[in-house]
Amino acid sequence: MIAILALTARGGETARRVKSLIPDAVIFGRAGRVDGADRDFDDAITCIRTLYAEGWSIVGLCAAGILIRALSPILNDKWQDAPVLALSEDGATAVPLLGGHRGANALAETLAQGLGGAAAVTTAGDRRLGFALDDPPAGWTLKTPGTVKGVTARLLAGEPVRLRRECGAADWPDDASFSPAGPGDSPNVLITDRAITTTDGQVILTPPTLALGIGCERHAPAEGLIDFLNDVFAEEGLDPTAVAAIGTVDLKGDEAALKAASRHLDRPIRLFTAAELEALTPHLPNPSDVVFQEIGCHGVAEASALGLAGRDARFAVEKKRRGPYTCAIARARDKAVDVAAGRSPGRLFVVGIGPGDADYRTGAAARAILASDAVVGYKLYLDLAADLIGDRPTHDSDLGAEEARAAKALALAVEGQTVSLICSGDPGIYALSTLVFELIEKAEDRALRGVDVEVVPGISAFQLAAARLGAPMGHDFCLISLSDLLTPVAAIRKRLDAAARGDFVTAFYNPQSQRRRTLLPEARETFLAHRPDDTPVALCRQLGRPEESVTVTTLRDFDPSVVDMFTLVVFGSSETRAFDHSGTQRAFTPRGYAGKWDGEEKS
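Description of the structure in this document. As the structure is a computational prediction, the values presented were derived from the model and not from experiment. (Residues numbered from 1 in each chain as written. Predicted model: local features only at pLDDT ≥ 70, side-chain atom pairs only at ≥ 80, totals over all residues. Heavy atoms only, no water.)

1. Some details on the sheet that holds strand β27 (residues 549–554)
Here is step 1: Strand order in the open sheet formed by five strands is β24-β25-β28-β26-β27, and the pairing between neighbours is mixed. Both outer strands of the open sheet, β24 (477–481) and β27, are each paired with one neighbouring strand and no more. Ignoring which end each strand starts from, the neighbouring axes of this sheet average 20 degrees apart.
Here is step 2: Alignment of strand β25 (residues 505–509) against strand β28 (residues 567–571), held across three bridges, turns out to be antiparallel. Residue T506 lies in a different strand from β28, and its bridge partner there is F571.
Here is step 3: Helix α19 (residues 489–502) contacts β24 and β25 of the sheet and is inclined by roughly 160 degrees relative to β24. (Pairing = 2+ DSSP bridges. Helix = DSSP H or I, 4+ residues; strand = E, 2+ residues; numbered from the N terminus. Axes fitted to C-alpha atoms, helices over the stretch in contact; angles between N-to-C directions. Contact = heavy atoms within 4.5 Å.)

2. Section: the side chain of T326
Here is step 1: By secondary structure assignment, the location of T326 is in strand β17 (residues 325–331).
Here is step 2: Here T326 falls in the buried class, since its relative accessible area comes to 10%.
Here is step 3: For T326, the contacting residues outside a window of four places in its chain are G213, I214, G215, F228, A301, K319, K320 and R321. (Buried < 20%, exposed > 50% of the residue type's maximum accessible area, 1.4 Å probe, protein only.)

3. So, the packing of helix α1 (residues 9–21) against helix α4 (residues 104–115)
Here is step 1: In the contact formed by α1 and α4, the axes pass within 10 Å of each other and the chain directions differ by 105 degrees. As summarised for this structure, α1 and α4 are arranged roughly perpendicular, according to the angle between their axes. For the pair α1 and α4, the contacting residues are R17, V18 and L21 in the first and L111, G114 and L115 in the second.
Here is step 2: A breakdown of the residues in the contact of α1 with α4 according to their chemical character gives four nonpolar, one polar and one charged. (Parallel < 35°, antiparallel > 145°, perpendicular 65-115°, else oblique. Nonpolar A, V, L, I, M, F, W, Y, C, P; charged D, E, K, R; others polar.)

4. Describing the packing of aromatic side chains
Here is step 1: Enumeration over the complete set of coordinates arrives at 11 aromatic pairs.
Here is step 2: Taken together, a centroid distance of 5.2 Å and an interplanar angle of 75 degrees make the contact between W140 and W172 edge-to-face. With a gap of 32 residues between them, W140 in the loop between α5 (124–129) and β8 (141–142) and W172 in the loop between β9 (162–165) and β10 (179–180) connect regions that are remote in the sequence. You'll find W140 and W172 in the same group, each marked buried.
Here is step 3: Where Y378 meets Y381, the ring centres are 5.2 Å apart and the plane angle is 80 degrees; that geometry is what we call edge-to-face.
Here is step 4: Given the relative accessible area of 14%, Y381 is considered buried.
Here is step 5: Chaining the aromatic ring pairs together yields one cluster made of F508, F527, F558 and F571. (Phe/Tyr/Trp six-rings, centres within 6.5 Å; stacked < 30°, edge-to-face > 60°.)

5. Description of the pairing of strand β18 (residues 347–352)
Here is step 1: With five of six residues buried, β18 lies mostly within the body of the structure.
Here is step 2: Bridge count for β18 against strand β21 (residues 418–423) is six bridges, and the pairing is parallel. Bridged to F349 within β21 is S420.
Here is step 3: Of the strand pairs in this sheet, β18 and strand β22 (residues 452–456) are connected by five bridges, and their pairing is parallel. Considered in β22, the bridge of V350 is made with V455.

6. Notes on helix α20 (residues 519–528)
Here is step 1: Regarding α20, the residues found buried are L519, L520, A523, R524 and F527. Angularly, the buried residues of α20 cover 150 degrees about the axis, an arc narrow enough to put them on a single face.
Here is step 2: Buried residues along α20 sit against α19, β25 and β28. (Arc of directions from axis to C-beta.)

7. Quick notes on the pattern of salt bridges
Here is step 1: Counting across every chain of the model gives 29 salt bridges.
Here is step 2: Between R194 and E166 there is a salt bridge; the shortest N-O distance is 2.7 Å. Taken together, the residues R194 in the loop between β11 (189–191) and β12 (203–206) and E166 in the loop between β9 and β10 connect sequence positions 28 residues apart.
Here is step 3: On the basis of relative accessible area, R194 is assigned to the partly exposed category, the value being 36%.
Here is step 4: Residue R218 is joined to E255 by a salt bridge in which the shortest nitrogen-to-oxygen separation is 3.0 Å. Taken together, the residues R218 in the loop between β13 (210–216) and α7 (222–236) and E255 in the loop between β14 (243–249) and α8 (256–265) connect sequence positions 37 residues apart.
Here is step 5: Judged by its relative accessible area of 2%, E255 falls in the buried class.
Here is step 6: Linked by salt bridges that have partners in common, R218, D254, E255 and R446 make up one network. (Salt bridge = Lys/Arg side-chain N within 4 Å of Asp/Glu carboxyl O.)

Here it is in structure tokens:
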């Protein structure tokens, strides 16, 4: 996630130029000064610190000192710092301040090239050598970060540094900067996919040269597969961080063991059809007629490894079998493993964007949307997240078509896309998470069941209502939906009676529509039978949106007729109190702190 921070109108103009180069970036503009920003902010220091804490990369169209003063109190170390750049308002100079070897230097070069300016990269390795050993290409692993400084110093001093490249393409780092390590020499820099013991001062880099193919029987235990893979890597002397991707047949996309292996190795799964794998049969050292009879191809582990590494790849490990598992490892020849081969099992984020105001969206929600290929949602919710969606394909449906939205999102994910299904508030509270899991549970399609689903929580309406009021949910509370579209009226009445008798603070969702006009008045009468008529009642309308209003009244004076579907209604408990706080209506429910004595809290 890249945030472009503009403090002035001129900075805003350059910010839009930057966004044309990086469409997924989000422009944050100073309120009242920058027009057309995706999001506004009032205080630059607070905005910078918040973005950095949420993991954003920051391009600040401001003085470097502003960024430094904002971030200096919260910096960690060079291996954790997110990229932070200062970009002059005219776009002429890009200065990486933090995270140079975590993307800032590369981003500065990209901006300089696109804007016709210059990248003021100050790290010595990048300036003089053209590369940095602690900033390897994507997918590579630096095994010895503590040794980079000493080896780089020797390179910069012109001292001989021996390099041995055992695997991978020869395009990084530049061989011209090194002396080749002979057969008896101990290299100062070793590029290998072997699991080895390091020597003092040696830099070891592991490129993603290996493709791991896996087959397993239906419902094979996850723990057994992980143990099997660990043993294979250890026995063969291979480094698991050299694995670029895991391949298998698409019928196995829903297997828990395969998903566990993906998490264990932190590598993606790529799925191949049986026909795609069968086309590789002439290149398999161990084809199997039994496998062909079962799924239509002569091998899964070896064929899917070749599907990723290329049919001319060499096998580092031919097919091995243990119980219900098989695996094979292919090493790509002078090229990268094709991590885009086959298709992804698909990923679905079910994202809560909060009540509407971008200030109440979580960093996790922003990251999910920015990582998505497509976004599905009700039109209003898509509009509320338009700054993050950008030009991604969107799919919307009517307000009552929730199941259609969930089904569409899953269908897109089955195609191999990463999809965000967005809803207001929290997706697990009267929202779409439950529909997604209902559809998955009853699905017979293994591809659909294989979709990875992550629920990204959001701030629900009752939480923002509580914040606006003060602390009405300071003690036990419950939530009740008054919509009888999916819940029988008798069940709603039963819950109303239980909440009233239990003296719960109660928030009502979907309180009243033009058609449904009876349950909210009934709720008032039910609660009046069990608590005082001066019990506070709050009407919280359009929370987090420009039309927001919060009104506090009492059960006695509460008029249900003024409530619509944009209102959250909160009935206090018998202990809830309301008062005027310097012109702001407040409500809180004591939790018993006033009853402490002798250092003990009442139980």
